[in-house]
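Take a look at the letters that make up each chain.
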Amino acid sequence: APLGEFEAGWALQALQLSRGEQVTLGPGPAYALLTGLAFFVLGNSNAIARLWPALVGSVLVFLPYLFRAKIGRAAALIAAFGLAVDAGLVAASRLSGGPMLALGFGLLALAGWLSNKPVVAGIFGGLALLGGPDILHGLAGLLLAIGVSHLLMTRHDVDGDWRLEKEGEAQGFLRLAALVGGGTILVAGTLFLGIPQGLGALAATLQAYLAG
């Protein structure tokens, strides 16, 4: 299908990057950078313009597989089927420059966190931050949940030694994840240090979120 006006604006940024032209990246540079690389390697077309959102959206279908040990195989299959046919996710997966990269990479980072894999969480967390202002919705809710959890553990009868042990493990996890995430942002956000303006576009994410 032909690109809409919104999609064409993002695809044009990617096309200019693939040709080595100067371009002002919008907030959430992941789409333009990754799609620009795809244009350079595979050529430009409407299908390639939607390649990365489609790939990330498709990967989400397999996300329940990571939690099958906790929720059960049957529940994981039902969740996977629901993700596959959900109209909103299907539409977002076909939208160039839309929220799918932030949503998909954010959920994969969350899966890495719940699976106690800081490197995975850091890589996808860094990519999620590059995905656009939409990631800040989820990040705000996650920070709120962590704050409430910490408050409940301190106010109620929770074993102090156990709590300190868990907090120590969490701090070590976050340090490694933050280090890996920072490296991912540096490499992916500049396309291997070739496009430094990607970091400037990342800095504009908070401003764009507040403006919206």
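Residues numbered from 1 in each chain as written. Predicted model: local features only at pLDDT ≥ 70, side-chain atom pairs only at ≥ 80, totals over all residues. Heavy atoms only, no water.

Before we go on, may I ask you to explain the overall build of the chain in this structure?
Secondary structure assignment for the chain yields 13 helices and 0 strands. Helices and strands in the chain line up, N terminus first, as α-α-α-α-α-α-α-α-α-α-α-α-α. Expected size for 212 residues packed as a compact globule is a radius of gyration near 17 Å; at 19 Å, the chain falls within 12% of this value. Oriented by its inertia axes, the alpha-carbon framework of the chain measures out at about 60 × 40 × 30 Å. In the chain, buried positions account for 35% of the 212 residues. Accessible surface, the chain: about 12,100 Å² in total, of which carbon and sulfur atoms supply 68%. Between the mean site of the 11 positive side-chain charges and the mean site of the 11 negative ones, the chain shows a separation of 7 Å. (Helix = DSSP H or I, 4+ residues; strand = E, 2+ residues; numbered from the N terminus. Rg over C-alpha atoms; globule rule 2.2 N^0.38 Å. Buried < 20%, exposed > 50% of the residue type's maximum accessible area, 1.4 Å probe, protein only. Areas by Shrake-Rupley, 256 points an atom, 1.4 Å probe, with all protein chains shown as cover. Lys, Arg positive; Asp, Glu negative; His and termini not counted. Charge placed at Lys NZ, Arg CZ, Asp CG, Glu CD.)

I'm lost on helix H1 (residues 5-18) in this one. Help?
For an α-helix, 3.6 residues make a turn, and residues three or four places apart therefore share a direction. Between its first and last C-alpha atoms H1 spans 20 Å; for 14 residues at 1.5 Å apiece the expected length is 20 Å, and the two agree. Within the span of H1, buried status applies to Glu7, Trp10, Ala11, Gln13, Ala14, Leu15, Leu17 and Ser18. Backbone geometry just after H1 places glycine 20 at a positive phi near 80°. (Expected span 1.5 Å × (residues − 1).)

Would you take a moment to explain the packing of H1 against helix H2 (residues 30-42) for this structure?
How two helices sit against one another is set out by the angle between their axes and by the gap between those axes. At a minimum axis distance of 7 Å, the contact between H1 and H2 shows a crossing angle of 55°. On the basis of their axis angle, the class for H1 and H2 is oblique. The two elements H1 and H2 meet at a crossing, and its hand is right-handed. Each of Trp10, Ala11, Gln13, Ala14, Leu15, Leu17 and Ser18 in H1 lies in contact with H2, whose residues at this interface are Tyr31, Ala32, Leu33, Thr35, Gly36, Phe39 and Phe40. A class-by-class count of the residues in the contact of H1 with H2 yields 10 nonpolar, 4 polar and no charged. (Axes fitted to C-alpha atoms, helices over the stretch in contact; angles between N-to-C directions. Parallel < 35°, antiparallel > 145°, perpendicular 65-115°, else oblique. Left-handed = near helix turned anticlockwise from the far one by under 90°. Contact = heavy atoms within 4.5 Å. Nonpolar A, V, L, I, M, F, W, Y, C, P; charged D, E, K, R; others polar.)

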